[in-house]
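Inside the fold
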Amino acid sequence: MSFLEIEHLEKSFGSVRVVKDFNLPIEKGEFVSLLGPSGCGKTTVLRMVAGFETPSTGSIRIDGRDVVSLRPNQRNIGMVFQSYALFPNLTVAQNVAFGLKVKGVKVADRTARVAEMLRLIGLEGYDDRYPFQLSGGQQQRVALARALAVQPQVLLLDEPLSALDAKIRVSLREEIRDIQRRLAITTIFVTHDQEEALSISDRVVVMNGGVAEQVGQPFEIYNRPSTRFVAEFVGTLNLIEARVLDRDSGRIGIGSREASLGRPLTSDRLTLGIRPEALTLGRAADRDMVLEGRIDDVHFLGSVIRIQATVAGERVMLDTFNRPGTPPPAPGQAAEFSVHPEDLLVLEGERSP
Amino acid sequence: MKAPRVWSWIALTLGLLYFFLPLIGTIEFSLRKRRGEYSLDAYRWVFEDPKFRETFSYSVVMALFTIVVGVLIVVPTAYWVRLKFPRLRPLVEFVTLLPLVIPPIVIVFGYIRLYNTSSFLPLTGTASGTNLLLMMGYATLSLPYMYRAVDTGLRTIDVRTLTEAAQSLGANWPTIIGRVIMPNVLVAVMSGAFLTFAIVIGEFVMAALLNRPAFGPYLQLIGANRAYEPAALAVIAFSITWICMGLIQLATLLTRHSRPPRS
């Protein structure tokens, strides 16, 4: 049995079902991200684990104990909010000590723990500052220290990086992941940013319309999306319509070219999803599926050349690495693109096989 | 100088005269007890009158109790409305405005009818019972000011998220209100408290009809029987109000964690 067990969780606000039959077992020390567009129910799931919302049905068990009937202050959960939510009237040290004080921890132990926490987040010497004297990133680190000081069983992060600017977002997410690994604390991280979710999670839950569409490791989510929504929401995806010429052998037609997928198909039309990095300009040795098209635009970004092109009437994007010997192609020129059939994501209707 | 400017200066001067002339007149008059020269005789008389000290300290004590009761009623109510029933806010605001619409004399007659010695709760039968009644009356009178002040204070903080943060750290309701909400609306509570103080010090109708030895009825009594001393008393009462307002400013300035305005 897993450390944190969410089973058949449902939540309705009035007649609107925002979370539908949500199941998720989380192992101790695991870092799981809930990823999805706004309104997909990811924050509601997190708030139900925290105890701020009561599930309509379903159970949440932490370490074997059902917590649904417990109030938020009885659950031993640490939470970090998008808006930091530091107590403005307390100093950094007092903020971090708040939960310990509530618990009735002795002053000496409290002081030691606060010092340890501030060391952990790299804000030693900031004890007597007030929240308004800190930058956003510093405030969020204090909020993290405050949540961790009480040694919660589960850490909940509700879009903690969304209010920060891009550069700090990246460094802080690595810091969060590093601290999470060191303390081996079970963590649920809510975000709408797929790069964030993919880069720091053990597992990602992609949510849409209150349903967990796919649960898996980042590599799996990106490369083997189980639904059309996951394929399109996570990462950039080029979509090309294809005709099925022979279902049994998997022969398909794209524009004027024919190709074989080498596996049986079930419908007459399908959409091919191709990641930008799977598409190569020109022919390549191991990429035996060739498409024809025209180059529309070329962006030279330094290490990467991003090419926009039209293939079989669809706009596609591909990335190639810069090589000093090969100058980028000129816009307007006709070109061939090649792809390995195994790199194609086949989206048949709503669900892929 | 352009013509519109002249008019604004004239308007300002008239306004200032309207405000300050009676004040200056009162102060000047209060100093004229001794014939032919200015003196503080009227003030000396007032401060030496044991009745002044009694009624004033009575009113001060009543004001302090009123503030405590008012804060205990208003802060949790305003907080709860903001947190759980935001849709009820217009209704609650309306209710808190009622004391401005219903004259105190109506309230006090209602009290006397409801709580007289032959009622189910004979509060007017004892002095302490009547004091309690008077204090509740004061709390009602100060409700519009107290509620508005506290509600404005609550608007400056993210009540919901701070509450949730405190809850996730294990805090219960009394802890949240006492350690998180209250300190952050303290400046607002203070301004509400000083307004309450000023109201209670000057209140006449309730104290007179409930027959309690408060400062308001004393002011009226002196005004009816003496010449120079009422002016001195008026100046004293006025100063108290102004000191209160000054203290509000000071409290705002001295709060260390008050954040600079965010752009």
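All values reported here derive from a predicted model rather than from experimental measurement.

1. Description of the sheet that holds strand 13 (residues 257-260) of chain A
All names here are of chain A.
- The strand order 13-12-11-14-20 describes an open sheet built from five strands, whose pairing is antiparallel. Looking at strand neighbours, the two that pair on one side only are strand 13 and strand 20 (345-347), the edges of this open sheet. Here the strands of the sheet are splayed against their neighbours by 40° on average, with no regard to which way each runs.
- Note that strand 11 (residues 238-246) and strand 12 (residues 251-254) share three bridges and pair antiparallel. Paired with Val-244 across the bridge in strand 12 is Ile-252.

2. A word on the UniProt feature "domain: ABC transporter" (unreviewed entry) in chain A
- Residues given the UniProt feature "domain: ABC transporter" (unreviewed entry) here are residues 4-234 of chain A.
- The distance from the first to the last C-alpha atom of residues 4-234 of chain A is 25 Å, and the span holds 37% helix and 26% strand.

3. A word on the interface of chain A and chain B
- Contacts between the two partners involve 23 residues from chain A, matched on the other side by 25 residues from chain B.
- In total, chain A and chain B occlude about 2200 Å² of area from one another, counting both sides; carbon and sulfur atoms represent 63% of this.
- The largest share of the area that chain A buries against chain B comes from A:Asn73, A:Asn89 and A:Phe132, three residues that together contribute 26% of it.
- The interface formed by chain A and chain B contains one salt bridge.
- The closest approach of N and O atoms between B:Glu164 and A:Arg47, which form a salt bridge, is 2.6 Å.
- Seen at the junction of chain A and chain B, the total is three residue pairs in polar contact (both at pLDDT 80 or more).
- Going through the elements one at a time, strand 6 (77-80), helix 2 (92-103) and helix 4 (136-149) of chain A are the ones with two or more residues in the side of chain A that touches chain B.
- In terms of residue count, helix 2 of chain A provides more of the side of chain A that touches chain B than any other element does, four residues in total.

4. Comments concerning helix 8 (residues 173-184) of chain B
- Spanning 12 residues, helix 8 of chain B covers 16 Å between terminal C-alpha atoms, matching the ideal 16 Å at 1.5 Å per step.
- Regarding helix 8 of chain B, the residues found buried are B:Thr175, B:Ile176, B:Ile177, B:Val180, B:Ile181 and B:Asn184.
- Where the residues of helix 8 of chain B are buried, they touch helix 2 of chain A together with helix 3 (50-83), helix 6 (127-155), helix 7 (159-168) and helix 9 (186-202) of chain B.

5. Here we look at helix 9 of chain B
Residue and element names in this part refer to chain B.
- With 17 residues, helix 9 extends 24 Å between its outermost C-alpha atoms, agreeing within 8% with the 24 Å of an ideal straight helix rising 1.5 Å per residue.
- The complete set of buried residues in helix 9 reads Ala-188, Val-189, Ser-191, Gly-192, Ala-193, Phe-194, Thr-196, Phe-197, Val-200 and Ile-201.
- Buried residues along helix 9 sit in contact with helix 3, helix 6, helix 8, helix 11 (215-225) and helix 12 (229-254).

6. Details of the UniProt feature "domain: ABC transmembrane type-1" (unreviewed entry) in chain B
- Under the present numbering, the feature "domain: ABC transmembrane type-1" (unreviewed entry) in UniProt falls on residues 56-249 of chain B.
- Between the C-alpha atoms that bound residues 56-249 of chain B the distance is 24 Å, and the span itself is 81% helix and 0% strand.

7. Focus on the UniProt feature "transmembrane region" (unreviewed entry) in chain B
Residue and element names in this part refer to chain B.
- Those residues carrying the UniProt feature "transmembrane region" (unreviewed entry) are residues 7-27, 56-79, 91-112, 132-150, 185-210 and 230-254 in this numbering.
- Between the end C-alpha atoms of residues 7-27 the distance is 30 Å, and the span holds 100% helix and 0% strand.
- The span residues 230-254 carries 100% helix and 0% strand; its end-to-end C-alpha distance comes to 36 Å.

8. A word on the sheet that holds strand 15 (residues 280-281) of chain A
Residue and element names in this part refer to chain A.
- Across the sheet, which stays open at both edges, the five strands sit in the order 15-19-16-17-18 with antiparallel pairing between neighbours. Of all strands in the sheet, those with a lone pairing partner are strand 15 and strand 18 (314-321), marking the two edges.
- Across six bridges, the pairing between strand 16 (residues 289-300) and strand 19 (residues 334-339) is antiparallel. Paired with Leu-291 across the strands is Phe-337, a residue of strand 19.

9. Notes on the side chain of B:Ser30
Residues and elements named next belong to chain B.
- Mapping Ser-30 onto the fold places it in helix 1 (residues 3-30).
- Residue classification places Ser-30 among the buried residues on the basis of a relative accessible area of 0%.
- At a separation of 2.7 Å, a polar atom in the side chain of Ser-30 contacts the main-chain carbonyl oxygen of Ile-27.
- Not counting residues up to four positions away in its chain, the partners in contact with Ser-30 are Ser-39, Ala-42, Tyr-43, Tyr-228, Ala-231, Ala-232 and Val-235.

10. Structural notes on the pairing of strand 12 of chain A
All names here are of chain A.
- Hairpin connection from strand 11 to strand 12: four residues lie between these consecutive antiparallel strands, with Gly-250 at a positive phi of about 80°.
- Examined bridge by bridge, strand 12 and strand 13 share four bridges and lie antiparallel to one another. Paired with Ile-254 across the bridge in strand 13 is Arg-257.
- Count of turn residues in the strand 12/strand 13 antiparallel hairpin: two residues, of which Gly-255 carries a positive phi of about 60°.

11. Concerning the pairing of strand 6 of chain A
Residues and elements named next belong to chain A.
- Burial of the side chains of strand 6 extends over both faces: Ile-77 and Met-79 are buried on one face and Gly-78 and Val-80 on the other.
- When strand 6 meets strand 7 (residues 154-158), the two strands line up parallel, connected through four bridges. If you follow Val-80 over to strand 7, its bridge partner there is Leu-157.

12. Things to note about the nonpolar core
- Core analysis: the biggest nonpolar cluster contains 134 residues, and A:Phe22, A:Phe87, A:Leu156 and B:Leu154 have the highest contact counts within it.
- It is helix 3 of chain B that provides the largest number of residues to this core, a total of 14 residues.
- What A:Phe87 contacts, discounting residues up to four positions off in sequence, is A:Asn95, A:Phe98, A:Pro131, A:Arg146, B:Leu162, B:Ala165, B:Ala166, B:Leu169 and B:Val180.
- Residues A:Leu279, A:Val298, A:Phe337 and A:Leu344 belong to the second largest nonpolar core, which totals 28 residues.

13. Here we look at the pattern of salt bridges
- On inspection of all chains with the given rule, the structure shows 26 salt bridges over all chains.
- A salt bridge links A:Arg113 to A:Glu116, with the shortest nitrogen-to-oxygen separation between them at 3.2 Å. Placement of both A:Arg113 and A:Glu116 in helix 3 (residues 107-120) is noted, with a separation of three residues, approximately one turn of the helix.
- Of the residues examined, A:Glu116 reaches a relative accessible area of 38% and is grouped as partly exposed.
- When salt bridges that share partners are traced, they join B:Arg34, B:Glu37, B:Asp41 and B:Arg44 into one network.

About the thresholds
Residues numbered from 1 in each chain as written. Chains lettered and ligands numbered in written order. Predicted model: local features only at pLDDT ≥ 70, side-chain atom pairs only at ≥ 80, totals over all residues. Heavy atoms only, no water. Pairing = 2+ DSSP bridges. Helix = DSSP H or I, 4+ residues; strand = E, 2+ residues; numbered from the N terminus. Axes fitted to C-alpha atoms, helices over the stretch in contact; angles between N-to-C directions. UniProt positions renumbered as here; feature names shortened; annotations may be inferred. Contact = heavy atoms within 4.5 Å. Buried area = accessible area lost by both parts, 1.4 Å probe. Salt bridge = Lys/Arg side-chain N within 4 Å of Asp/Glu carboxyl O. Polar contact = N/O pair within 3.5 Å; in protein donor to acceptor, adjacent residues only side chain to side chain. Expected span 1.5 Å × (residues − 1). Buried < 20%, exposed > 50% of the residue type's maximum accessible area, 1.4 Å probe, protein only. Core = buried A, V, L, I, M, F, W, Y, C linked by side-chain atoms within 4.5 Å.

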